Amino acid sequence: MSKVLVIPDVHLKPWMFSQAIDIMETTDCERAVFIGDLVDDWGCQFNVDLYGETLEAAISFAKRYPDSLWCYGNHDLSYIWSQYDHPGFSLAAADLVCDKFEELRDALEAPENLAIIHRVDNTLFSHAGLTREYAEAWYFNMMDDPDCMIDMINECDYDKLWENNSPIWVRPQYGNLAMGMFPEDLFQVVGHTPVDKVLVQDNMITVDTFSTTRSGVSIGNQEFCRIDTVQKTWEYID
């Protein structure tokens, strides 16, 4: 594997999958990785039709590209783990979201294609990032075997992941993690934190360029990017 299309945080924008299909069909991208947060957006809690449209678009994409990889985001897991007080949570769409995530998993070539963290060659994909602080706090005895650590994280539930420094919640973009990302020799691609353009920080990039403000104004440039998972480089897709 080398060229990977990254699908950033969707937040109820089903049209992003149409664009992603076009990219997959017209470029040299060999695989797609979704970075998490399919659901929820400002003031959309009662727009159940939009939840359904977005989730169906995701499922259709997964059926078309069953080898695609999907990361859970905090908004996605809030439904699976019944975190009703999570910002943006739609009680009206809750059952629908849970059912459609099961359909999404079934559409993929393997259940593990939907997980917290994915490693492709020299690159890690997760919603928010794997930090050294989190790794040392929970998996100190696995620091010399990051692949085993990733497997363990992907088996975790609420107790170890619903906390500020986890790979679904952490915000390393704000410079509050002096210990850095883990492991240092791998490239990391994350979303979760809205940025106006792809943000490059040491061995990590943040790609959440499709999110909006509360009033619906775009925060980012809404451009997709392609990752070379071997060379640990990235570029926008023209």
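Notes on the structure in this doc start here. Residue indices begin from 1 for each chain and proceed along its sequence in written order. Note on the predicted model: pLDDT of at least 70 is required for a residue's local features to be given, and 80 or more for side-chain atom pairs to be given and counted; whole-chain, interface and lining totals, by contrast, use all residues. Water and hydrogen atoms were dropped before computing side-chain values, which therefore reflect all heavy atoms in the structure.

1. Re the packing of aromatic side chains
Now for step 1: The pairing test for Phe, Tyr and Trp rings, Trp by its six-membered ring, is centres within 6.5 Å, and the orientation test on the planes gives stacked under 30 degrees, edge-to-face over 60, and tilted for anything in between. Under the counting rule described, the total for this entry stands at 17 aromatic pairs.
Now for step 2: Consider the rings of Tyr84 and Phe89, whose centres lie 5.4 Å apart with planes at 85°: the pair is edge-to-face.
Now for step 3: Phe89 sits in the buried class, given a relative accessible area of 10%.
Now for step 4: Aromatic pair Trp234 and Tyr236: ring centres 5.0 Å apart, planes at 85°, arrangement edge-to-face.
Now for step 5: Partly exposed describes any residue whose relative accessible area lies between the buried limit of under 20% and the exposed limit of over 50%, with all areas from a 1.4 Å probe on protein chains only and scaled to the type maximum. Look at Trp234 and you get partly exposed, because its relative accessible area is 27%.
Now for step 6: When its relative accessible area of 23% is taken as the criterion, Tyr236 is described as partly exposed.
Now for step 7: Ring-pair connections join several aromatic residues into one group, and the members of that group are Phe17, Phe34, Phe61, Tyr65 and Trp70.

2. Things to note about helix α2 (residues 48-64)
An α-helix turns once per 3.6 residues; consequently, residues spaced three or four apart project the same way.
Now for step 1: A run of DSSP states H or I qualifies as a helix once it reaches four residues; a run of E qualifies as a strand once it reaches two. Both are numbered from the N-terminal end. The span one expects for a helix is its residue count, reduced by one, times 1.5 Å. Relative to the 24 Å expected for 17 residues at 1.5 Å per residue, α2 spans 24 Å between its end C-alpha atoms, a close match to the ideal helical length.
Now for step 2: Of the surrounding elements, those touching the buried residues of α2 are β1 (3-7), α1 (15-26), β2 (31-34), β3 (69-71), α3 (74-80) and α4 (94-107). Whether two residues are in contact is decided by their heavy atoms: any pair within 4.5 Å suffices.

3. What about the state of the cysteines?
Now for step 1: Any pair of cysteine sulfurs within 2.5 Å is marked as a disulfide. Per the stated rule, a full pass over the model turns up 0 disulfides.
Now for step 2: Cysteine Cys29 remains unbridged, with the sulfur of Cys225 as its closest cysteine sulfur at 9.2 Å.
Now for step 3: Classification of Cys29 as buried rests on a relative accessible area of 7%.
Now for step 4: As a non-bridged cysteine, Cys156 has Cys148 as the owner of its nearest cysteine sulfur, 11 Å distant.

4. What about the sheet that holds strand β6 (residues 123-126)?
Now for step 1: Two strands are counted as paired when DSSP detects at least two bridges linking them. Read across the open sheet, the 5 strands follow the order β5-β6-β7-β9-β8; overall the sheet is mixed. The strands lining the two open edges of the sheet, one partner per strand, are β5 (117-120) and β8 (199-201). For this sheet, the mean inter-axis angle between neighbouring strands, taken without regard to orientation, is 20°.
Now for step 2: Bridging between strand β7 (residues 187-190) and strand β9 (residues 204-206) involves 3 bridges; their strand directions are parallel. Following the sheet pairing, Val190 is matched in β9 by Thr206. An axis is simply a line fitted to the C-alpha atoms; with a helix, the fit covers only the stretch in contact. Between two such axes, the angle follows the N-to-C directions and lies from 0 to 180 degrees.

5. Brief notes about helix α6 (residues 146-153)
Now for step 1: Of the positions making up α6, those classed as buried are Pro146, Met149, Ile150 and Ile153. Buried residues along α6 cover an arc of 100° about the axis, so they all sit on one side.
Now for step 2: Residues of α6 that are buried in the fold lie against β5, β6, α5 (132-139) and α7 (158-161). The arc refers to the directions leading from the helix axis to the C-beta atoms.

6. So, the pattern of salt bridges
Now for step 1: Salt bridges are identified by distance alone: a Lys or Arg side-chain nitrogen within 4 Å of an Asp or Glu carboxyl oxygen. By the definition in use, this model includes 10 salt bridges.
Now for step 2: Close ionic contact of Arg119 with Asp147 constitutes a salt bridge, the shortest N to O distance being 3.0 Å. With a gap of 28 residues between them, Arg119 in strand β5 and Asp147 in helix α6 connect regions that are remote in the sequence.
Now for step 3: In this structure, Arg226 engages Glu235 in a salt bridge whose closest nitrogen and oxygen atoms are separated by 3.0 Å.
Now for step 4: Accessibility expressed as a relative area gives 38% for Glu235, which makes it partly exposed.
Now for step 5: Among the charged side chains, a network of salt bridges with common partners joins Lys3, Asp28, Arg226 and Glu235.

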